[in-house]
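The chain contents come next:
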Amino acid sequence: MTIPTHKTALLLGATGLIGDLLAHRLVDSPIYSHIKVLVRKSLNWQHPRLQEVQFDFDHPNGLLIQADDIFCCLGTTMKKAGSKEAFQKVDYQYTMDIARLGLANGAQQFAVVTAMGADTESSFFYNRVKGEVERDLTDLNYPTLLIFRPSLLLGNRSSSGRGETRLGERIAEGAMRLFNPLIPTKYKGVDASKVANAMLITAQQGLADKHIFESDALQDF
């Protein structure tokens, strides 16, 4: 399949660990001539092909969701969200709102980061919400749906310029790096850069229908 160039990409979650890395890769890609980033606060860098779009996720304006490919790296934590309802709003509702609006406006691909263990029947609330996102995105029938399920993410969150620290994750990351050689590939921590690479590379391959990339497959990127 011939991959068109000069496409428009729309990115959600550009201030997060994966999103920041992906944004920099998108502006360097010859496939995309225009990269739109939905933000609440301005990014700390600029590029001629990068457009910041100030966006109210609680009152989404569908006219702003115009793109060929949508990349969703939205995500929070229970601690940061403060409640299950607030967590679900960010990780489920915001994602689904943008997905629906994008599809209605002609988007062809939707790429989303969920989590290893995403399952609508999971006893863990986090994994259950991620499973519900996958299920309902599937029901939208995007021409191409790309789902990425990383294990614990490894990487420097402060590189995005937000200086975010998550103590529990930093401790787990240190332990993961120490014991990574002994852990089965599926459960090893995965560098956020590999997830960003996987999202960009697979979006440029002209895939059709739904594809799920488990954490062990992400190690190859």
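In this report, the structure presented in the accompanying data block is examined. Here the residue numbers are simple positions, counted from 1 along each chain's written sequence. Per-residue local features of the predicted model are confined to residues with pLDDT of at least 70, and side-chain atom pairs are confined, for both listing and counting, to 80 or more; whole-chain, interface and lining totals are unaffected and use all residues. Just so you know, side-chain values use all the structure's heavy atoms and leave hydrogens and water out.

1. Observations concerning the overall build of the protein chain
Part 1 of the argument: Scanning the protein chain from terminus to terminus reveals 7 helices and 9 strands.
Part 2 of the argument: Summary of the burial criterion: residues with accessible area below 20% of their type's maximum are buried, those above 50% are exposed, and those between are partly exposed, where the area comes from a 1.4 Å probe applied to protein chains only. When each of the 221 residues of the protein chain is scored for burial, the buried share is 48%.
Part 3 of the argument: In what follows, a contact means two residues having at least one pair of non-hydrogen atoms within 4.5 Å. Residue pairs in contact within the protein chain that sit at least 24 positions apart in sequence constitute 69% of those at least 6 positions apart.
Part 4 of the argument: Counting every atom, the protein chain has about 10600 Å² of accessible surface; 53% of that belongs to carbon and sulfur. Secondary structure counts use DSSP, requiring at least four H or I residues in a row for a helix and at least two E residues in a row for a strand, with both numbered from the N terminus. Using a 1.4 Å probe, accessible areas were evaluated by the Shrake-Rupley method; residue-level cover was limited to the displayed protein chains.

2. So, the side chain of T202
Part 1 of the argument: By the secondary structure assignment, T202 is in helix α6 (residues 192-203).
Part 2 of the argument: For T202, a relative accessible area of 1% gives the class buried.
Part 3 of the argument: Whenever two N or O atoms come within 3.5 Å, that pair is a polar contact, provided that in protein one can donate a hydrogen and the other can accept it, and provided that, for residues adjacent in sequence, both atoms are side-chain atoms. Polar side-chain contacts of T202 include one of 3.4 Å to the backbone oxygen of M199.

3. Overview of the packing of aromatic side chains
Part 1 of the argument: Working definition: rings of Phe, Tyr and Trp (its six-membered ring) pair if their centres are within 6.5 Å, and the pair is stacked with planes under 30 degrees apart, edge-to-face with planes over 60 apart, and tilted otherwise. Enumeration over the complete set of coordinates arrives at 7 aromatic pairs.
Part 2 of the argument: Ring geometry for F55 versus F57: centroids 5.0 Å apart, planes at 75°, classification edge-to-face. Note on accessibility: F55 and F57 belong to one class, buried.
Part 3 of the argument: Geometrically, the ring pair formed by F148 and F213 is stacked, given 5.1 Å between the ring centres and 10° between the ring planes. One end of the pair, F148, is in strand β6 (residues 144-149); the other, F213, is in strand β9 (residues 209-214), and 65 residues separate them in sequence. Accessibility classification places F148 together with F213 in one group, the buried group.

4. Focus on the sheet that holds strand β4 (residues 69-72)
Part 1 of the argument: Strand pairing is assigned whenever DSSP identifies at least 2 bridges connecting the two strands. Sheet architecture is open: 7 strands sit in the order β3-β2-β1-β4-β5-β6-β9, paired in parallel fashion. Both edges of this open sheet fall to β3 (50-54) and β9, since each of them pairs with a single strand only. For this sheet, the mean angle separating the axes of adjacent strands, direction not counted, is 15°.
Part 2 of the argument: Bridge count between β6 and β9: 6 bridges; the pairing is parallel. In the sheet register, R149 faces β9, and the bridge partner there is E214.
Part 3 of the argument: Working convention: axes come from line fits to C-alpha atoms, limited for helices to the stretch in contact. Angles between N-to-C directions cover 0 to 180 degrees. Lying over the sheet, α6 contacts β1 (7-12), β2 (32-39), β4, β5 (109-113), β6 and β9, oriented at roughly 165° with respect to β5.

5. Some points on the pattern of salt bridges
Part 1 of the argument: Criterion for a salt bridge: a side-chain nitrogen of Lys or Arg within 4 Å of a carboxyl oxygen of Asp or Glu. Taken as a whole, this structure holds 8 salt bridges when the rule is applied.
Part 2 of the argument: A salt bridge links E134 to R149; the nearest nitrogen and oxygen atoms lie 2.5 Å apart. Taken together, the residues span a long stretch of sequence, with E134 in helix α4 (residues 125-139) and R149 in strand β6 at a distance of 15 residues. We note that E134, like R149, is buried.
Part 3 of the argument: Between R135 and D136 there is a salt bridge, and its shortest N-O distance comes to 2.8 Å.
Part 4 of the argument: Taking the relative accessible area as the measure of exposure, D136 reaches 13% and is therefore buried.
Part 5 of the argument: Three or more residues are tied together by salt bridges with common partners; here these are R40, D58 and K89.

6. Description of the nonpolar core
Part 1 of the argument: Put simply, a nonpolar core is a bunch of buried Ala, Val, Leu, Ile, Met, Phe, Trp, Tyr and Cys residues held in one set by side-chain atoms that sit within 4.5 Å of each other. Formed by 34 residues in total, the largest nonpolar core has its most connected members in L11, I18, L22, L26, Y32, F71 and M199.
Part 2 of the argument: Elements represented by at least two residues in this core include exactly β1, α1 (17-28), β2, β5, β6 and α6.
Part 3 of the argument: The greatest single-element share of this core, amounting to 7 residues, is contributed by α6.
Part 4 of the argument: Core analysis: the next-biggest nonpolar cluster, separate from the first, contains 29 residues, I65, F125, L145 and I147 among them.

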